[in-house]
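# Commentary on secondary and tertiary structure
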Amino acid sequence: MRVIAHDGEHEIDIQRSLFRCTVARVADVDEASAMIARVRKAGPDATHHCVALRIGDPDTGALTARSNDDGEPSGTAGVPMLEVLTRRDLTDVVAVVSRWFGGTKLGAGGLVRAYSAALSATLDIVGELRRVRHRAMLVAVPHDRAGRLEHDLRHSPYRLRDVDYASDVTFTVAVPTAEVDSFAAWLAEHSGAGVEAVDAGPVDLYLP
């Protein structure tokens, strides 16, 4: 799944109408609704606040997609915005384009182009990342074995996320879901017998 690299905002002016696009990465519909409410509150004098969102579940593959024209002619604002998000295969994103009417009517085609352009330009600015599902694997070893294993992990294909020093040293390693068995084989080779990884659950990484 692809996501925006960071939240952002961008404005374009078309025939004296101002189109301000705000995009944010969100985890669920509640977060999206809260973001939309913040944008509306920040621009109470805007003529329209048009919305598109796509939120995906990496476990089930289910996708929630919604749009709202907020008073613009049907299909001229939220729908083309959603089409932009769909073409880019973006998820976990909500976009709001706020319009301040400048006195010149753009027509249906002009509105579609304006709302699409505002969102596309903003997405180009904020950039994109890949959302990749991993498993958080916990590996605990005695202190006298930790140094070598940490060195090997840092030079491995796997991502060392955390090191916790307690009675043992516990490493948290992010392993792609499809590579859990390969990691077990790698761990056996580099740590010797008696060291096993404990699956602590899913974790998403955002990668270039």
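Every value quoted in this text rests on a predicted model; they were computed, and no experiment measured them.

### Points about the overall build of the chain
For the chain, the count of helices and strands is five helices and ten strands. The C-alpha atoms of the chain give a radius of gyration of 23 Å, which is well past the 17 Å a tight globule of 208 residues would have. With the principal axes as the frame, the chain shows a C-alpha extent of 75 × 25 × 25 Å. By residue count, 44% of the 208 residues in the chain fall in the buried class. Summarising the internal contacts of the chain: among those between residues at least 6 apart in sequence, 71% fall at separations of at least 24. Roughly 10500 Å² of accessible area belongs to the chain as shown, and the carbon and sulfur atoms make up 50% of that amount. The chain carries 23 positive and 30 negative side-chain charges, and their two centres are separated by 7 Å.

### Structural notes on the nonpolar core
Grouped together as the largest cluster of nonpolar side chains are 24 residues, with contacts concentrated most on Phe19, Val23, Met81, Tyr115, Leu119 and Leu123. Those elements that provide at least two residues to this core are strand S3 (17-25), strand S4 (48-56), helix H2 (78-87), strand S6 (93-100) and helix H3 (107-126). When residues in this core are grouped by element, the largest group, seven residues, is from H3. Residues within four places of Leu119 in sequence aside, it is in contact with Cys21, Val23, Met81, Val84, Leu85 and Ala95. One finds Val139, Tyr158, Val175 and Trp186 within the second-largest nonpolar core, a separate group that totals 16 residues.

### Let's talk about unusual backbone geometry
One non-glycine residue with positive phi stands out, namely Asp70, at about 45°. Structurally, the position occupied by Asp70 is in the loop between strand S5 (63-68) and H2. For Asp89, which is not glycine, the phi torsion reads 55° and is therefore positive. Structurally, Asp89 is set in the loop between H2 and S6.

### Here we look at the sheet that holds S3
Pairing is antiparallel across the open sheet formed by five strands, whose spatial order is S2-S3-S6-S4-S5. The open sheet has two edge strands, strand S2 (8-14) and S5, and neither has a second partner. Taken pair by pair, the neighbouring strands of this sheet meet at an average axis angle of 10°, ignoring direction. Packing of H2 onto the sheet brings it into contact with S4, S5 and S6, and relative to S4 it is tilted by some 35°.

### Quick notes on the pattern of salt bridges
A full pass over the atoms with the stated rule returns twelve salt bridges. We note a salt bridge from Arg99 to Glu72, for which the minimum N-O separation is 2.9 Å. On the criterion of sequence distance, the pair formed by Arg99 in strand S6 and Glu72 in the loop between S5 and H2 is long-range, its members being 27 residues apart. With relative accessibility at 4%, the residue Arg99 sits in the buried group. Since its relative accessible area comes to 8%, Glu72 is described here as buried.

### Re the pairing of strand S7 (residues 128-141)
Within a regular strand, side chains alternate between the sheet's two faces. By the bridge criterion, three bridges tie strand S1 (residues 2-4) to S7 in an arrangement that is antiparallel. Residue pairing for S7: Ile4 is matched across the bridge by Glu128. Judged from the nine bridges that link them, S7 and strand S10 (residues 197-207) form a sheet pairing that is antiparallel. Bridging across to S10, Arg133 finds its partner in Asp204. With eight bridges joining them, S7 and strand S9 (residues 169-176) adopt antiparallel strand pairing. What sits directly across from Val141, in S9, is Val169.

### A word on the packing of H2 against H3
Between H2 and H3, whose axes approach to 8 Å, the crossing angle comes to 35°. Once H2 is placed against H3, the crossing between them reads as right-handed. Taken together, the residues of H3 that come into contact with H2 (itself represented by Pro80, Met81, Val84 and Leu85) are Val112, Tyr115, Ser116, Leu119, Ser120 and Leu123. Looking at side-chain class alone, the contact of H2 with H3 contains eight nonpolar, two polar and no charged residues.

Analysis parameters
Residues numbered from 1 in each chain as written. Predicted model: local features only at pLDDT ≥ 70, side-chain atom pairs only at ≥ 80, totals over all residues. Heavy atoms only, no water. Helix = DSSP H or I, 4+ residues; strand = E, 2+ residues; numbered from the N terminus. Rg over C-alpha atoms; globule rule 2.2 N^0.38 Å. Buried < 20%, exposed > 50% of the residue type's maximum accessible area, 1.4 Å probe, protein only. Contact = heavy atoms within 4.5 Å. Areas by Shrake-Rupley, 256 points an atom, 1.4 Å probe, with all protein chains shown as cover. Lys, Arg positive; Asp, Glu negative; His and termini not counted. Charge placed at Lys NZ, Arg CZ, Asp CG, Glu CD. Core = buried A, V, L, I, M, F, W, Y, C linked by side-chain atoms within 4.5 Å. Pairing = 2+ DSSP bridges. Axes fitted to C-alpha atoms, helices over the stretch in contact; angles between N-to-C directions. Salt bridge = Lys/Arg side-chain N within 4 Å of Asp/Glu carboxyl O. Left-handed = near helix turned anticlockwise from the far one by under 90°. Nonpolar A, V, L, I, M, F, W, Y, C, P; charged D, E, K, R; others polar.

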